[in-house]
Amino acid sequence: MIKNYFKIAFRNFWRHKLFTLINIIGLSIGISSALVIYLIVHFDFTFNQSFPDGNRIYRVVSNYTFSGEEAHNRGVSGPVPEAVRTGVSGVEISAPFFELSQPNVLIPTKSGVPVKFKIQDNVILTDSRYFNLLNYTWLAGNVKTALNAPNQVVLTTDQANKYFPKMPYNQMLGRVVIYDTVNTTVTGIVEPLKGNTDFAFHDFISYTTAKNNKALSDEVRFDNWGGTTSASQLFIKLTPNTTVAHIEKQLNELLKKNDPPKPSNKGNTRNFSLQPLNDVHFNNIYGTFNSGNTANKSTLYGLLAIGLFLLILGCINFINLTTAQSSQRAREIGIRKTMGSTRTQLIVQFLSETFLITAIAVLIAVLLAPVILKLFADFIPKGISVNIVQQPGLVLFLVILTLVVTLLSGFYPAMVLSGFKPVLVLKNQAVNNSSKTRTAFLRKSLTVAQFIIAQFFIMATILVSKQIYYVLHKDLGFKKDAIIIINSPWKNRTASRNQVFMNKLRAIPQIEMISAGKAAPSSTSSNSTEATYKDGKKEIKINLEEKYGDENYIRVFKIKLLAGRNLQPADTTKGFLINSTCARIFGFKNPGDAVGKKIDNFNGDTKMEIIGVVADFHHESLRSPIKPLAILTSNGFYNNGTFHIALKPQSAGNKDWKNAISAMQQAWKEIYPEDDFEYHFFDETLAKLYDAEQHTSTLLTWATGLSIFISCLGLLGLAMYTTSLRTKEIGVRKVLGASIAQIVTLLSKELVWLIVLAFVLVTPVAWYAMNKWMQGFADRTTISWWIFVLSGAGMLLAALCTLSFQTVKAAIANPVKSLRSE
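Residues numbered from 1 in each chain as written. Predicted model: local features only at pLDDT ≥ 70, side-chain atom pairs only at ≥ 80, totals over all residues. Heavy atoms only, no water.

**Considerations on the overall build of the chain**
What counts here: A helix here means a DSSP run of H or I that spans at least four residues, while a strand means a run of E at least two residues long, and both kinds are numbered starting from the N terminus. Accessibility here uses a 1.4 Å probe with only protein chains present; expressed as a share of the type maximum, an area under 20% marks a residue as buried, one over 50% as exposed, and anything in between as partly exposed. Contacts are assigned to residue pairs that have any heavy atoms within 4.5 Å of one another. Only the protein chains shown count as cover for residues, with accessible areas throughout obtained via the Shrake-Rupley method and a probe of 1.4 Å.
Of regular secondary structure, the chain possesses 25 helices and 24 strands. Scored against the burial criterion, the 822 residues of the chain give a buried share of 49%. Restricting to contacts in the chain with at least 6 residues of sequence separation, those with at least 24 account for 80%. When the accessible surface of the chain is totalled, it reaches about 38700 Å², and 58% of it is carbon and sulfur.

**Some remarks on the packing of aromatic side chains**
Working definition: an aromatic ring pair is given by the centre-to-centre distance plus the angle between the planes. Inclusion rule: The criterion for an aromatic pair is that two Phe, Tyr or Trp rings (for Trp, the six-membered ring) have centres within 6.5 Å, with stacked assigned to planes under 30 degrees apart, edge-to-face to planes over 60 apart and tilted to the rest. We call a charge positioned over a ring when the NZ of a Lys or the CZ of an Arg lies within 6 Å of the ring centre and within 35 degrees of the ring normal.
Evaluated as defined, the whole model comprises 41 aromatic pairs. Ring centres of Phe501 and Trp668 lie 5.7 Å apart, and the angle between their planes is 85 degrees; this geometry places the pair in the edge-to-face category. With a gap of 167 residues between them, Phe501 in helix H15 (residues 495–506) and Trp668 in helix H19 (residues 656–671) connect regions that are remote in the sequence. A relative accessible area of 0% places Phe501 in the buried class. For Trp668, a relative accessible area of 2% translates into the label buried. Ring pairing ties together the aromatic residues Phe51, Phe97, Tyr130, Phe131, Tyr136, Trp138, Phe199, Phe201, Phe204, Phe235 and Phe289, which thus form one cluster. The ring of Phe222 is capped by Lys211, whose NZ or CZ atom sits 5.4 Å from the centre of that ring. Over the aromatic face of Phe282 sits the side chain of Lys297, whose NZ or CZ is 4.9 Å from the ring centroid.

**Regarding the sheet that holds strand S15 (residues 511–517)**
As a reminder, the rule being used: Pairs of strands are assigned from DSSP output, requiring at least two bridges between the strands.
Strand order in this open sheet of four strands is S15-S23-S14-S24, and the pairing throughout is antiparallel. Looking at strand neighbours, the two that pair on one side only are S15 and strand S24 (680–681), the edges of this open sheet. Summarising the sheet, strand S14 (residues 483–487) and S24 pair through two bridges and their orientation is antiparallel. Bridge pairing in S24 links Ile485 to His680.

**Comments concerning the environment of Asn241**
Among the secondary structure elements, Asn241 is positioned in the loop between strand S12 (232–238) and helix H8 (244–258). When its relative accessible area of 81% is taken as the criterion, Asn241 is described as exposed.

**A look at the side chain of Thr209**
Mapped onto the fold, Thr209 is located in the loop between strand S11 (203–206) and helix H7 (214–220). Under the relative-accessibility criterion, Thr209 is labelled buried at 1%. Residues in contact with Thr209, not counting those within four places in the same chain, are Pro150, Asn151, Gln152, Val182 and Leu216.

**Looking at the packing of helix H2 (residues 17–45) against helix H11 (residues 343–375)**
A packed helix pair is summarised by two numbers, namely the angle formed by the two axes and the spacing between the axes. Going by this rule: Between N-to-C directions, angles span 0 to 180 degrees; the directions come from axes that are lines fitted to C-alpha atoms, helices contributing only their stretch in contact. Between 65 and 115 degrees an angle is taken as roughly perpendicular, under 35 as roughly parallel, over 145 as roughly antiparallel, and anywhere else as oblique. By the definition used in this description, the sense in which the near helix is turned from the far one sets the handedness, with an anticlockwise turn below a right angle giving left-handed and a clockwise turn giving right-handed. In this classification, Asp, Glu, Lys and Arg are treated as charged, Ala, Val, Leu, Ile, Met, Phe, Trp, Tyr, Cys and Pro as nonpolar, and every other residue, Gly included, as polar.
Two numbers describe how H2 lies on H11: the axes approach to 7 Å, and their chain directions differ by 50 degrees. One element, H2, and the other, H11, form an angle in the oblique class. Note that H2 runs across H11; the crossing there is right-handed. Packed against H2, whose contacting residues are Thr20, Asn23, Ile24, Leu27, Ser28, Ile31, Ser32, Leu35, Val36 and Leu39, the element H11 presents Ile357, Thr358, Ile360, Ala361, Val362, Ile364, Ala365, Val366, Leu368, Ala369, Ile372 and Leu373 at the interface. The class makeup of the residues in the contact of H2 with H11 is 17 nonpolar, five polar and no charged.

**Digging into the packing of helix H14 (residues 441–473) against helix H24 (residues 785–811)**
Packing of H14 against H24 leaves a shortest axis separation of 9 Å and a crossing angle of 135 degrees. As judged from the angle between their axes, H14 and H24 are oblique. Viewed along their axes, H14 and H24 form a crossing whose handedness is right-handed. Along its contact with H14, which presents Phe451, Ala454, Gln455, Ile458, Met459, Ile462, Leu463 and Lys466, the element H24 presents Trp786, Ile787, Phe788, Leu790, Ser791, Gly792 and Met795. For the contact of H14 with H24, the per-class residue count stands at eleven nonpolar, three polar and one charged.

**Quick notes on the pairing of strand S6 (residues 123–126)**
Burial along S6 is two-sided: Val123 and Leu125 and Ile124 and Thr126, pointing in opposite directions, are all buried. Bridging between strand S3 (residues 91–99) and S6 involves three bridges; their strand directions are antiparallel. Bridging across to S6, Phe98 finds its partner in Leu125. Across four bridges, the pairing between S6 and S11 is parallel.

**What about the nonpolar core?**
Rule in force here: Within this scheme, the nonpolar core is defined by two criteria: the residues are buried Ala, Val, Leu, Ile, Met, Phe, Trp, Tyr or Cys, and they are joined through side-chain atoms within 4.5 Å.
Core analysis: the largest hydrophobic core is formed by 48 residues, its most contacted members being Leu27 and Ile31. Where this core is concerned, the elements lending two or more residues are H2, helix H9 (297–324), H11, helix H12 (392–418), H14 and helix H21 (691–725). With 13 residues, the single largest contributor to this core is H2. Leave out the neighbours within four places in its chain, and Ile31 touches Leu311, Thr358, Ala361, Val362, Ala365 and Leu401. If you look at the next biggest cluster of nonpolar residues, it comprises 30 residues, including Phe19, Leu715, Val752 and Ile787.

**A look at the environment of Phe682**
Here Phe682 lies in helix H20 (residues 682–688). Among the residues examined, Phe682 registers a relative accessible area of 1% and is labelled buried. Residues Phe682 and His644 lie 38 residues apart in sequence; the distance between their C-alpha atoms is 8.7 Å. Dropping the residues within four chain positions of it, Phe682 is found in contact with Phe478, Lys479, Lys480, Ile483, Ile485, Ala520, Pro521, Ser522 and Phe557.

**Focus: the pattern of salt bridges**
Put simply, the rule reads: Take a side-chain nitrogen of Lys or Arg and a carboxyl oxygen of Asp or Glu: if they are within 4 Å of each other, that pair is a salt bridge.
Applying the stated criterion across every chain, the model contains 17 salt bridges. Across the pair Glu82 and Arg85 runs a salt bridge whose closest N-O atoms are separated by 2.7 Å. With Glu82 and Arg85 both in helix H3 (residues 80–87) and three residues apart, the pair spans about one turn of that helix. What makes Arg85 partly exposed here is its relative accessible area of 46%. Salt bridges here are not isolated pairs; linked through shared partners, they connect Asp53, Arg56, Glu92 and Lys237.

**Topic: a nonpolar patch on the surface**
Selection criterion: Patch members must show over 30% relative accessible area and no salt bridge, and they are joined within 9 Å when carrying like charges or within 5 Å when they are nonpolar side chains of Val, Leu, Ile, Met, Phe, Trp or Tyr.
Together, Phe355, Ile388, Val395, Val399 and Leu403 give the surface a local cluster of nonpolar side chains, amounting to about 380 Å² of exposed area. Here the nonpolar patch takes three residues from H12, the largest share from any one element. With respect to the helices and strands, Ile388 occurs in the loop between H11 and H12.

**Structural notes on the environment of Arg623**
Along the chain, Arg623 turns up in the loop between strand S21 (606–614) and strand S22 (629–632). Judged by its relative accessible area of 31%, Arg623 is partly exposed. Distance in space between the C-alpha atoms of Arg623 and Leu689 is 9.8 Å, their sequence separation being 66 residues. The residues touching Arg623, leaving out its near neighbours within four places in the chain, are Leu689, Tyr690, Glu693, Gly776, Phe777 and Ala778.

**Quick notes on unusual backbone geometry**
In this structure, Asn135 takes a positive phi of about 60 degrees despite not being glycine. In this model, Asp180 sits at a positive phi of 55 degrees, which is unusual for a non-glycine residue. Locating Asp180 in the fold gives a position in the loop between strand S9 (176–179) and strand S10 (182–190). Judged by relative accessible area, Asp180 falls into the partly exposed class, the value being 32%.

**Describing the confidence of the model for the chain**
Stated precisely, the cut-off is as follows: Scored from 0 to 100, pLDDT reflects the predictor's confidence in each residue.
Looking at the chain as a whole, the pLDDT averages 83, with 89% of positions reaching at least 70. Scored below 50 in pLDDT, residues 430–439 makes 23 contacts in the model with residues more than four places away or belonging to other chains.

**Observations regarding H19**
The criterion, for reference: Multiplying 1.5 Å by the helix residue count minus one yields the expected span of that helix. Directions are taken from the helix axis to each C-beta atom, and the arc is the one they span.
Across its 16 residues, H19 extends 23 Å between first and last C-alpha, which sits within 8% of the 22 Å expected from 1.5 Å per residue. When we look at burial in H19, the residues that qualify are Ala660, Ile661, Met664, Ala667, Trp668 and Ile671. Taken down its axis, H19 places every buried residue within 120 degrees of arc, on the same side.

Here it is in structure tokens:
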């Protein structure tokens, strides 16, 4: 029986080759999109899910309020881990670690010439409790003793094989690894954590090493309750039945006891809270770790929606074309019912046909998925691949997807086709004068749904592209072109080296001007402090963003000075510039009124003078409003380690900038021979601030193209069916004098009205969704009326072009042949 079902299915496929091909293409696109999106979403949602009792693991994070503004930090103060271990009940495991800042690694050799590995990330200070918390597998060494003494290190197998290639793990024990100036001995080898995880650390130095090393001790700050660094983190595992509120209460009591609020910080708050382990990968307020990126749940849900919509479009095509073909299979159904076939048997027959088409589409989708992943490799997380052998969950997903699509696409057509009555079928009345003709309500509804989805994608794509163009071309209040930024190496940075390097750069003829400072005018890197101004009547306290630069800072970026004077080297502890927003908040109506006023800066510890006011500029991305800002100068190497280099204009075709970069590289090698030369153009860095939006635009563009393609495929199929069903009518009308234009209008009118209806329905929905998305930008473009008109007109034009292939062909056909057709 089953063999017979499939035999009949293949015969029908061959008889209706074009319709079968349209169905397979539509479903293949929808299924391949769903498959790729499943891989992306599954990859992110499975992060940090493989740890035992993961629902009881939390990260202790810090929260602040400064002058009414919230701030957050994933780290804790240096003394907190020890205080939690001894003074907080309900904690089963307390695992601290401290992320080191990309040390250089030396491996001593018998030849006396060490092997050097530059800038190693994912190196941490920790102890054995970290391994107990996350359940590592040990291949050499003992978890109880491996990190209980200073200057010990545990390596993952990947890192161990890099440091000591082809050496057995047990022979690695006792070997020396030097991290900058810290000598360590290998005491353990562990396997990397399995599954997707943010815990990608591979060098684990004993925590007690920092207590015996002044440089590390100054970084960890074991006795400083007041300071917090994101490098110092603490994960805890609660005992069963212990509540989060119980632990948070104890943590904040500890904080209050050891770092009581100061009267001068009235209104400011600080507290600890617990962040669940499964939130670490998704919470961009705290972030993951220094080398990791958070995922965005909203983006992932958006991807799921796109995949679902494309899948629905393919299913709609199948339903429309199958039900449209019902009249061509009516006699087959009538004869089979007359010969004794039951309705259940017919339903199984039609579902088996749908299953075969879906299975073929799934096979094509599996072949297409690697190609799609390669196309989007620039912003798809590394590690995503299609490997059915190593991903049993993927096989289950494909099986479920095949069954779901089979039911979605095939159930309704199967019910319609199997419901024909034999008597009416054999009298050729099965579909005549019934709702199952080309005017079928369901088919119209599904066609409208198709074009609602397609037009929504078009509108969203145009708006996102418009916003991206706006943020990339808006006047941000400073110059962004022809500026190169170079960061001097942190570990080898000294004031004298910085000065010598700048002197060499000044000698390069293609360079117009250089400024030494810290972050560029618009960047993700910023400092903030609390500033207070007393005007004699009231005290105005604000949170002040900080930028550091020398006297050339505002000149390089052409930031307009509205009042007062520019920075000078002697202003390091005396004066600073503010922006006009800051001046307004302090109550000055004119920028000049602010000049000379004294401000309690740096949390009230230092009085400094406002020496000038600059025009507002966007010192963060356009997602954030312009905030009060101070520009200060510094004589310390920490805030003077970034060089902002303005290049002279370059004429077309010459290599002035290329020669300048080569000269910079040569100067770098002379001053910082042990470090790699890296530079970037400022305008390219600004564009990276909007990577997420540009990725969204790319995905929407693809989704739009695919949705239009699928919708037009279905439209072409319906047009072919409609014209074939009305062949004699077209012939009669032509004989009676109808023109080609009238015939084309007749055949296209109904489908065009469905597209217009879809436009009317989707416009308010699209406007609402776009408006919600735009709320993420403090400075944004307008949602112009032409976006909707353009998308509607574009969809209508695409539909008319698709219809014209069949309608014009039918309109110019010889009426004699039409009237002879049976």
